[in-house]
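In case you want the letters, here they are:
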Amino acid sequence: MRAPLIDNLQYANFSPRIFEQMRESGVDAVHVTIAYHESFREMVLNLERWNRWFEEHPDLIFKGTTGQDVRRAQETGRTAIFFGFQNPSPIEDDIGLVEICHQLGIRFMQLTYNNQSLLATGCYEEDDTGLTRMGKQVVAEMNRVGMVVDMSHSAERSTLEAIGQSTRPIAITHANPHWWHAALRNKSDRVLSALTEAGGMLGFSMYPHHLAGGGDCTLESFCGMIAEAAERYGARNLGLGSDLCQDQPDSIVEWMRVGRWSKTIDYGEGSAANAGFPPMPDWFEDNRDFGNIRKGLLDQGMTTEEVDGIMGGNWHRFYTESFGPL
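### Quick notes on the overall build of the chain
When its secondary structure is counted, the chain shows eleven helices and nine strands. Split into buried and exposed, the 326 residues of the chain put 60% on the buried side. Contacts in the chain between residues far apart in sequence, at least 24 positions, make up 71% of those at least 6 positions apart. Of the roughly 12800 Å² of accessible surface on the chain, a fraction of 47% belongs to carbon and sulfur atoms. In the chain, 28 side chains carry a positive charge and 45 a negative one; their mean positions are 5 Å apart.

Structure (structure tokens):
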């Protein structure tokens, strides 16, 4: 098996054109956001849409649920699509829906999306009270069934408590170090040290608001940051989670930020003058650009083994260890 190429977070406006771009670049697996603020029933409608795509494009994509599916993707020349939630809203207030969602193919769930949830505190809240009573029980249930705890949009204390509470390694699927770019969504050295020491995974984000210099961030700066992170935390627990939102209209970024919880516009890491999706850096505009990152990492002096892990090998190992029941 060759070293896999895995992007562990996308929310593109998916289409046959994007599926073809995945194949053109040899992307073996993508973790796709299936819900932001949706209820359980609304999430199921999104799954139905994906079922139609699997039916219509069986030569390009298929539904992935286990680490073995990455190997199957390579053997069949397709891309395995793994599902995740960026918010726990689809489980509503019913812990039993954790197992149901896992049975439906969900493999990642964030405990928060920026705001306080029933489970934990989001990174935009002023007061981080940590995991709630329900949050601790949901983490245990996710551990039991094989759904990965994702703390990408969570606040510091909540993230540290999730790392400590979970009996299985957790993930921050799409973020960057705060020491490189001080965005609210990026993670402190303390969090990243705790995460990786516990065997958890960090997926580096190419979303411009998470990049030093935004859309003008250079490939050299981004890959230099990854090389430094590998020195600090070891390369074994690092991967990519691009947060690619290709072809999405600006109405979608408003849905991501506002959902139905607010009557006013929340600009998140944007502003009234820059309210829509920010422009991507020219070295990563779609799935065909992963080769730029591989070359950039090698140019930083990283070994081929380290780069193979960051480009997908580490996520493949994590999938294999995380997606089954205890």
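### Observations concerning the pattern of salt bridges
Pairs can form between side chains of opposite charge once their charged atoms are near each other. Tallying each qualifying case throughout the model produces 14 salt bridges. Of the charged contacts in the structure, one is a salt bridge between Arg 72 and Asp 69, with a shortest N-O distance of 3.2 Å. Here Arg 72 pairs with Asp 69, and both are found in helix H3 (residues 68-76), just three residues apart, close to one helical turn. Here Arg 72 falls in the partly exposed class, since its relative accessible area comes to 33%. Among the ionic pairs, Asp 299 bridges to Lys 295, the shortest N-O distance being 2.9 Å. With Asp 299 and Lys 295 both in helix H10 (residues 290-299) and four residues apart, the pair spans about one turn of that helix.

### Remarks on helix H5 (residues 133-145)
Here H5 is 13 residues long and its end C-alpha atoms lie 19 Å apart, about the 18 Å a rise of 1.5 Å per residue gives. Three or more residues of H5 are buried, namely Gly 135, Val 138, Val 139, Glu 141, Met 142, Asn 143 and Val 145. Where the residues of H5 are buried, they touch helix H4 (96-103), strand S5 (106-110), strand S6 (148-150) and helix H6 (156-165). Residue Gly 146 follows H5 closely and has a positive phi angle near 100°.

### A few points about the side chain of Asn 287
Position of Asn 287 among the secondary structure elements: in the loop between helix H9 (250-258) and H10. Within the structure, Asn 287 has its side chain in polar contact with the side chain of Gln 10 (distance 2.8 Å). The contacts of Asn 287, once residues within four sequence positions are left out, are Gln 10, Ile 18, Gln 21, Met 22, Ser 25, Val 27, Leu 244 and Gln 246.

### A few points about helix H7 (residues 189-197)
Within H7, the full set of buried residues consists of Val 191, Leu 192, Ser 193, Leu 195 and Thr 196. For H7, the secondary structure elements touched by its buried residues are H6, strand S7 (171-172), strand S8 (201-204) and helix H8 (219-233). Gly 199, located one to two residues past H7, shows a positive phi value of around 85°.

### Some thoughts on the environment of Gly 203
On the secondary structure map, Gly 203 appears in strand S8. Given a relative accessible area of 0%, Gly 203 falls into the buried group. Along the backbone, Gly 203 and Asp 243 are 40 residues apart, and their C-alpha atoms lie at a distance of 9.4 Å. If we skip the residues at most four places from it in the chain, Gly 203 touches Ile 172, Thr 173, His 174, Ala 175, Gly 239, Leu 240, Gly 241 and Trp 315.

### Regarding the packing of aromatic side chains
Applying the stated criterion across every chain yields a total of 21 aromatic pairs. Ring centres 6.3 Å apart and planes at 85° place the aromatic pair Phe 108 and Trp 315 in the edge-to-face group. Residue Phe 108 is found in strand S5, and its partner Trp 315 is found in helix H11 (residues 304-322); the two are separated by 207 residues along the sequence. For Phe 108, a relative accessible area of 0% puts it in the buried group. A relative accessible area of 0% places Trp 315 in the buried class. Ring geometry for Phe 108 against Tyr 319: centres 6.2 Å apart, planes inclined by 65°, an arrangement best described as edge-to-face. Pair noted here: Phe 108 is in strand S5 and Tyr 319 is in helix H11, with a separation of 211 residues, a long-range link.

### A look at the packing of H6 against H7
One can describe the packing of H6 onto H7 by two numbers: an axis separation of 10 Å at closest approach and a directional angle of 10°. By the criterion of interaxial angle, the relationship of H6 to H7 is roughly parallel. Here H6 and H7 pass one another in a crossing that is left-handed. In this structure, H6 contributes Glu 156, Thr 159, Leu 160 and Ile 163 to the contact, and H7 contributes Arg 190, Val 191, Ala 194 and Leu 195. Tallied by class, residues from the contact of H6 with H7 come to five nonpolar, one polar and two charged.

About the thresholds
Residues numbered from 1 in each chain as written. Predicted model: local features only at pLDDT ≥ 70, side-chain atom pairs only at ≥ 80, totals over all residues. Heavy atoms only, no water. Helix = DSSP H or I, 4+ residues; strand = E, 2+ residues; numbered from the N terminus. Buried < 20%, exposed > 50% of the residue type's maximum accessible area, 1.4 Å probe, protein only. Contact = heavy atoms within 4.5 Å. Areas by Shrake-Rupley, 256 points an atom, 1.4 Å probe, with all protein chains shown as cover. Lys, Arg positive; Asp, Glu negative; His and termini not counted. Charge placed at Lys NZ, Arg CZ, Asp CG, Glu CD. Salt bridge = Lys/Arg side-chain N within 4 Å of Asp/Glu carboxyl O. Expected span 1.5 Å × (residues − 1). Polar contact = N/O pair within 3.5 Å; in protein donor to acceptor, adjacent residues only side chain to side chain. Phe/Tyr/Trp six-rings, centres within 6.5 Å; stacked < 30°, edge-to-face > 60°. Axes fitted to C-alpha atoms, helices over the stretch in contact; angles between N-to-C directions. Parallel < 35°, antiparallel > 145°, perpendicular 65-115°, else oblique. Left-handed = near helix turned anticlockwise from the far one by under 90°. Nonpolar A, V, L, I, M, F, W, Y, C, P; charged D, E, K, R; others polar.

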